[in-house]
Amino acid sequence: MNFWSDPVNFIAHWLTRLFIGWGMVGWLASLIIQLIGVVVLISIMMVLDIFLVWVERKVVARFQDRLGPNRVGPFGLIQPFADIIKLLIKEDITPDGADKVVYNLAPILSLMSVLLLWAIVPLAPVIFGVDLNVGALYIVAAGSIGTLSIIMAAWSSNNKYALIGAFRQVAVLVSFEIPMIATMLIPTILAGSMGMNEIVQGQQTVWYVVLAPLAALIFMIAAIAELGRSPFDLNEAESEIVAGFHIEYTGMKFGLFYAGELLHAFTFGGFWAILFLGGYRFFGLENLGPLVAAVILLAKAMFGYWVIMWIRYTVMRIRIDHMLAFNWKFLTPAAFVLLMLTALMNTLLRGTPSGIYIPGMFLTNVLLGWIIVEILRGYSRSERQKTENVAPAAATAHH
Amino acid sequence: MTAMQIFFLIVGLVILGSALMVVTTRNLIHAALWLIVTLFGVAVLFAILDASFLAVVQVVVYIGAIAILFIFAVMLTHKEMRDRGPQLNNSWWLNAIISLLTFGGLFWMLQSWNGFSKTAADFPSSFDAVGQLGKALISPDAFVLPFEVASVLLLAALVGAVYIAFNRK
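Residues numbered from 1 in each chain as written. Chains lettered and ligands numbered in written order. Predicted model: local features only at pLDDT ≥ 70, side-chain atom pairs only at ≥ 80, totals over all residues. Heavy atoms only, no water.

### Side note on the overall build of chain A
Looking only at helices and strands, one finds 14 helices and 0 strands in chain A. Order of helices (α) and strands (β) in chain A, N terminus to C terminus: α-α-α-α-α-α-α-α-α-α-α-α-α-α. A globule of 399 residues ought to have a C-alpha radius of gyration of about 21 Å, and chain A, at 24 Å, matches this closely. Dimensions of chain A, computed from C-alpha atoms along their principal axes, come out at roughly 100 × 65 × 40 Å. Taking contacts inside chain A between residues at least 6 apart in sequence as the whole, the part at least 24 apart equals 75%. In the structure as shown, chain A presents an accessible area of about 19800 Å², 69% of it carried by carbon and sulfur atoms. Here chain A holds 24 positive side-chain charges and 24 negative ones, and the gap between their average locations is 5 Å. (Helix = DSSP H or I, 4+ residues; strand = E, 2+ residues; numbered from the N terminus. Rg over C-alpha atoms; globule rule 2.2 N^0.38 Å. Contact = heavy atoms within 4.5 Å. Areas by Shrake-Rupley, 256 points an atom, 1.4 Å probe, with all protein chains shown as cover. Lys, Arg positive; Asp, Glu negative; His and termini not counted. Charge placed at Lys NZ, Arg CZ, Asp CG, Glu CD.)

Rendered as structure tokens:
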């Protein structure tokens with residue numbers, strides 16, 4: 001075993017030999033090595049998170065025709081560190097009447113729910129935390145801890161704006177979870193497993209974005225809603241509820257929510273890449289070594305993150321009733337029909353050569369997309385006629 | 001005692017302790033949060049038993065849906081989220097005896113079963129627990145009938161809820 005073909009296991013074996021050489025018991029040595037692995041993975045993610053602050057600010061500046069941070073360090077790269085120092089030395093205020101334990105637990109749970117997701121991310125064929133055979137469900141389970149942290153933060157703050165913000169956000173989270181689960185089942189059907197490693201391995205010949213483009217689109221929309229980002233950013237509204245559920249948090253406690261939000265966006269970009277864009281695969285480039293594969297996955301996650309930011313900074317926000325109607329009356333039925341259709345077509349076409357299988361699956365998606373657009377067109381036409389036939393209120397008042 | 005047994009005992013104590021807190025704490029939201037700790041402990045027990053699917057579903061369904069629904073219901077219905085009044089009623093000793101007898105009966109029944117003190121064999125590495133569960137849920141000689149009946153029941157509840165909430169114009 002050499003370092004370049006399997007770096008993580010190489011280091012783990014070396015450490016095991018070292019610890020046992022010091023006279024440590026076998027199980028204790030492996031436990032300590034597992035803990036070191038967890039700490040290293042979390043540290044890498046948190047350092048990346050600091051970098052994401054800079055990325056987000058620079059990209060939003062481009063979209064809004066500004067320069068972004070450019071004073072501290074080359075290209076403003078030191079800016080996030082200055083921000084962190086500012087957050088750390090700010091006064092830490094706990095409001096009167098706050099439930100102290102719950103209030104302090106909420107930001108930790110919020111960041112934890114995001115970091116938990118990285119346990120199942122296969123960075124490379126041999127670099128992953130754990131190959132869980134229920135990976136897709138695990139993503140939802142970690143997300144439910146995030147939902148819980150929002151309620152805890154809002155309730156313990158003892159602030160009505162925080163509570164209203166949390167009600168809005170949780171309503172969105174709980175409802176958009178459903179199309180998200182339905183679309184996560186589509187790569188599961190195509191790969192025959194819920195494990196992230198097997199889903200990536202199933203995309204050896206073709207990425208699932210080709211077999212299920214509609215699923216990739218619905219997953220992205222649901223992911224943006226789960227993140228609470230524009231056009232679904234109703235948890236934050238300066239004129240109504242100010243900053244939403246984290247209104248009372250100051251200093252680094254607010255920083256944890258903010259870091260969690262940015263890392264969450266990047267993580268969903270990563271899961272979008274794993275489920276639909278081939279994960280660590282890039283036209284055979286991943287065969288150069290696991291470290292190259294990890295860089296490919298992180299680059300694809302960055303691309304997914306960029307798509308999320310692109311939508312966030314160019315699309316206007318939607319009203320909450322429109323948003324929930326959009327989810328329950330459009331996205332959820334579409335996702336379920338797509339799920340059933342994909343399962344059916346996958347069973348029918350499974351034995352056929354890829355020359356029939358791939359276009360067959362693709363055309364199924366195109367056909368369904370066309371039908372959905374036709375239904376929407378018919379609906380909007382009937383709605384338009386309804387408003388055109390009604391006389392204006394001022395005109396009727398005169399009679 | 002193996003490391004796994006120590007871990008099991010710690011998880012068991014956490015479950016029992018938090019379950020006790022659910023019924024003794026006076027703040028309803030705190031009770032719901034302690035209930036989440038209990039449910040999470042049960043998920044950990046499933047994980048110890050290599051039932052990864054059940055462990056994850058426990059978190060998704062009980063913490064992600066039911067506990068959050070509890071918190072919402074409490075927040076929307078109670079103005080004062082604090083429970084005053086006595087925490088025990090007159091028949092507490094009867095309930096204590098019944099629960100002790102139930103526990104004792106279950107303990108005695110399990111002790112007389114010959115599998116009680118055996119250690120479970122490890123799954124072979126190729127064993128696909130999730131796949132086996134999925135097959136059991138849809139094969140006619142296993143659980144397809146209860147599974148479908150439960151689905152129809154949930155569908156009926158859903159239709160009923162829509163019917164009640166439907167605003168007839």
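### Looking at the confidence of the model for chain B
Averaged over every residue, the pLDDT of chain B is 85; residues scoring 70 or more account for 95%. Scored as a whole, the predicted complex attains pTM 0.86, and scored at its interfaces, ipTM 0.80. (pLDDT = per-residue confidence, 0-100.)

### Some words on helix α6 (residues 144-165) of chain B
Given a rise of 1.5 Å per residue, 22 residues ought to cover 32 Å, and the 32 Å separating the end C-alpha atoms of α6 of chain B matches this to within 8%. Of all 22 residues making up α6 of chain B, only 0 are buried, and the element is barely covered by its neighbours. (Expected span 1.5 Å × (residues − 1). Buried < 20%, exposed > 50% of the residue type's maximum accessible area, 1.4 Å probe, protein only.)

### Details of the pattern of salt bridges
One side chain can pair with another of opposite charge once the charged atoms of both are near each other. Residues and elements named next belong to chain A. For the structure on display, the rule yields 7 salt bridges over all chains. Residues Arg312 and Glu261 are paired through a salt bridge, measuring 3.8 Å at the closest nitrogen-oxygen approach. Placement of the pair is Arg312 in helix α11 (residues 290-314) and Glu261 in helix α10 (residues 251-276), with a sequence separation of 51 residues. Residue classification places Arg312 among the partly exposed positions, given a relative accessible area of 24%. Taking the relative accessible area as the measure of exposure, Glu261 reaches 25% and is therefore partly exposed. (Salt bridge = Lys/Arg side-chain N within 4 Å of Asp/Glu carboxyl O.)

### Re the interface of chain A and chain B
Each partner contributes to the interface: chain A provides 19 residues, whereas chain B provides 21 residues. Across the interface of chain A and chain B, roughly 1800 Å² is buried in total on both sides, 86% from carbon and sulfur atoms. Considering only the side of chain A, the residues that lose the most area to chain B are Leu148, Trp155 and Phe167 of chain A, jointly responsible for 31% of the buried surface there. For the pair chain A and chain B, the interface holds 2 residue pairs in polar contact (both at pLDDT 80 or more). Counting only elements with at least two residues in the side of chain A that touches chain B, the list comes to α5 (135-157) and α6 (160-191) of chain A. Element by element, the count of residues in the side of chain A that touches chain B is highest for α5 of chain A, at 11 residues. The class makeup of the residues in the side of chain A that touches chain B is 15 nonpolar, 3 polar and 1 charged. (Buried area = accessible area lost by both parts, 1.4 Å probe. Polar contact = N/O pair within 3.5 Å; in protein donor to acceptor, adjacent residues only side chain to side chain. Nonpolar A, V, L, I, M, F, W, Y, C, P; charged D, E, K, R; others polar.)

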